[in-house]
Amino acid sequence: MKCDLHVHSVHSGTLPNPILRHFFQESYSAPAEVYALLRKRGMDLVTITDHDSVGAADELRQYPDFFVSEEVTCRMPSGTEVHIGVYDLSERQHCEINRRRNDLFRLLAYLSEQNLFFSINHIFSALTGRRAPDDFEWIAEYFPAVEALNGHMLPEANRNAAILARRFRKIQVGGSDAHALASVGTAYTEVPCAQNKDEFLAGLRAGHGRLGGESGGYLKLTRDILLLCGEMMREDRWTLLLAPLMALVPAGVAVNYALDRNFIRRWSNAINRRPAGVRQAIAARQEQPAWEA
């Protein structure tokens, strides 16, 4: 069975940017459209991982091949921000997770108590801001899974996430991280021989998952951002006044990926490419000034 374990809909809300959030959504994809496209592209199970929301479930819980998930925005003890994929949860569990998401210790205790499967997402990307050395120690100790294939991350980011997963002996998961319909289902996780959701998740926990699909790239991300801009203008006609700014999107994507490549280089050198053990590598990274992260 195949499932795209990282995909967004209109319920992901607005961009976190203090200016753009007033008129730009994370996604304009209707849950029903995401569902139909995932099925068309060969997904046997469907889940949607909106940011801190399970709103898509209201439209899709009628389907037997759908299960509820979300991408939790979490504050680490270091003060950095990460995204955590949490899978197959209830609305009550979502509420409890939301209450705890800025206290990692309480959040991890709750996820463990509820026996919920979760992963750390796009760990080698600057998408959520800076990283701190002890973030990796928390991941090594308490996270069961690492997203090792993200359909919008650079190949080297995914490659280093896979190396980290093997080094920390973590389960690997994959998903498209699609915010626009064009990228839905372009990366996924497969559990061979699974016949239903419970068998899929059990196989995933047992380490039987396989990753399939593609990484991200300049043209793919540029296309998706332009598609999102088009959706924004279709929904709010006044934003047509911003159309000339779309010419800046290609340059913005290039800058974004340049920053990500620098981020990947710094942290892969610190965590994955040192001959010392993981804890020694983390300790060595602590000697570097925080501003360099």
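Residues numbered from 1 in each chain as written. Predicted model: local features only at pLDDT ≥ 70, side-chain atom pairs only at ≥ 80, totals over all residues. Heavy atoms only, no water.

Caption draft 1: Structural detail: the overall build of the protein chain. For the protein chain, the count of helices and strands is 10 helices and 8 strands. In summary, the protein chain has a C-alpha radius of gyration of 18 Å against a globular reference of 19 Å for 293 residues, a match within 12%. Across its three principal directions, the C-alpha atoms of the protein chain cover 55 × 45 × 35 Å. Looking at the protein chain residue by residue over its 293 residues, the buried ones come to 52%. A separation threshold of at least 6 residues defines the contact pool for the protein chain, and within that pool the share at least 24 residues apart is 67%. For the protein chain, the exposed area adds up to about 13,300 Å²; of that, 53% sits on carbon and sulfur atoms. Averaged over its 33 positive side-chain charges, the protein chain has a centre that lies 6 Å from the centre of its 35 negative ones. (Helix = DSSP H or I, 4+ residues; strand = E, 2+ residues; numbered from the N terminus. Rg over C-alpha atoms; globule rule 2.2 N^0.38 Å. Buried < 20%, exposed > 50% of the residue type's maximum accessible area, 1.4 Å probe, protein only. Contact = heavy atoms within 4.5 Å. Areas by Shrake-Rupley, 256 points an atom, 1.4 Å probe, with all protein chains shown as cover. Lys, Arg positive; Asp, Glu negative; His and termini not counted. Charge placed at Lys NZ, Arg CZ, Asp CG, Glu CD.)

Caption draft 2: Structural context of the packing of helix 3 (residues 91–100) against helix 4 (residues 104–113). Running from N to C, helix 3 and helix 4 point in directions that differ by 160 degrees, and their axes come no closer than 8 Å. Classified by the interaxial angle, the pair formed by helix 3 and helix 4 is roughly antiparallel. The segment helix 3 lies against helix 4, with Arg92, Gln93, Glu96, Ile97, Arg99 and Arg100 engaging Leu104, Arg106, Leu107, Tyr110 and Leu111. Residue composition of the contact of helix 3 with helix 4, by class: 5 nonpolar, 1 polar and 5 charged. (Axes fitted to C-alpha atoms, helices over the stretch in contact; angles between N-to-C directions. Parallel < 35°, antiparallel > 145°, perpendicular 65-115°, else oblique. Nonpolar A, V, L, I, M, F, W, Y, C, P; charged D, E, K, R; others polar.)

Caption draft 3: Here's a closer look at the sheet that holds strand 3 (residues 81–87). Reading across from one edge, 2-3-4-5-6 is the order of the 5 strands in this open sheet, with mixed pairing throughout. Edge positions in the sheet fall to strand 2 (69–75) and strand 6 (171–175), since each has one partner strand and no second. Taking the axes of each pair of neighbouring strands and ignoring which way they run, one obtains an average angle of 40 degrees across the sheet. Bridge count between strand 2 and strand 3: 7 bridges; the pairing is antiparallel. Of the residues in strand 3, the one forming a bridge with Glu70 is Val86. Packing of helix 6 (residues 155–168) onto the sheet brings it into contact with strand 5 (145–150) and strand 6, and relative to strand 5 it is tilted by some 155 degrees. (Pairing = 2+ DSSP bridges.)

Caption draft 4: Structural context of the sheet that holds strand 7 (residues 187–190). Strand order across the open sheet formed by 3 strands is 1-7-8, with antiparallel pairing between neighbours. Since the sheet does not close on itself, it has two edges, and those belong to strand 1 (2–3) and strand 8 (210–213), each with one partner. Relative to strand 8, strand 7 runs antiparallel, the two sharing 4 bridges. Along strand 8, the bridge assignment pairs Glu190 with Arg210.

Caption draft 5: Geometry of helix 4. Along helix 4, the positions that sit buried rather than exposed are Leu104, Leu107, Leu108, Tyr110 and Leu111. The buried side chains of helix 4 occupy one side of the element, clustering within an arc of 160 degrees when seen end-on. Residues Phe105, Ser112 and Glu113 are exposed on helix 4 and point more than 90 degrees away from its buried face. Contact partners of the buried residues in helix 4: strand 2, strand 3, helix 3, strand 4 (117–120) and helix 5 (133–142). Downstream of helix 4 by a residue or two, Asn115 has a phi angle that is positive, lying close to 55 degrees. (Arc of directions from axis to C-beta.)

Caption draft 6: Region of the structure containing the pairing of strand 7. Two strands pair when backbone bridges link them, and strand 1 and strand 7 are joined in this way by 2 bridges, in the antiparallel orientation. Among the inter-strand pairings, Cys3 is bridged to a residue of strand 7, identified as Thr189.

Caption draft 7: A look at the packing of helix 6 against helix 9 (residues 249–272). Running from N to C, helix 6 and helix 9 point in directions that differ by 20 degrees, and their axes come no closer than 10 Å. The orientation of helix 6 relative to helix 9 falls into the category roughly parallel. As helix 6 runs across helix 9, the sense of the crossing is left-handed. Between helix 6, through Glu156, Ala157, Asn160, Ile163, Leu164, Arg167 and Phe168, and helix 9, the contact on the second element is made entirely by Arg261, Ile264, Ser268, Ile271 and Asn272. Residues that form the contact of helix 6 with helix 9 fall into these classes: 6 nonpolar, 3 polar and 3 charged. (Left-handed = near helix turned anticlockwise from the far one by under 90°.)

Caption draft 8: Quick look at the pattern of salt bridges. All chains considered together, the criterion is met by 12 salt bridges. Put simply, Asp65 and Arg39 hold a salt bridge, and the shortest N to O gap is 3.1 Å. Here Asp65 is found in the loop between helix 2 (57–60) and strand 2, whereas its partner Arg39 is found in helix 1 (residues 31–40), with 26 residues between them in sequence. For Asp65, a relative accessible area of 13% translates into the label buried. Overall, the relative accessible area of 37% leaves Arg39 in the partly exposed class. Overlapping salt bridges, with partners in common, bring together Asp88, Lys197 and Asp198 in one network. (Salt bridge = Lys/Arg side-chain N within 4 Å of Asp/Glu carboxyl O.)

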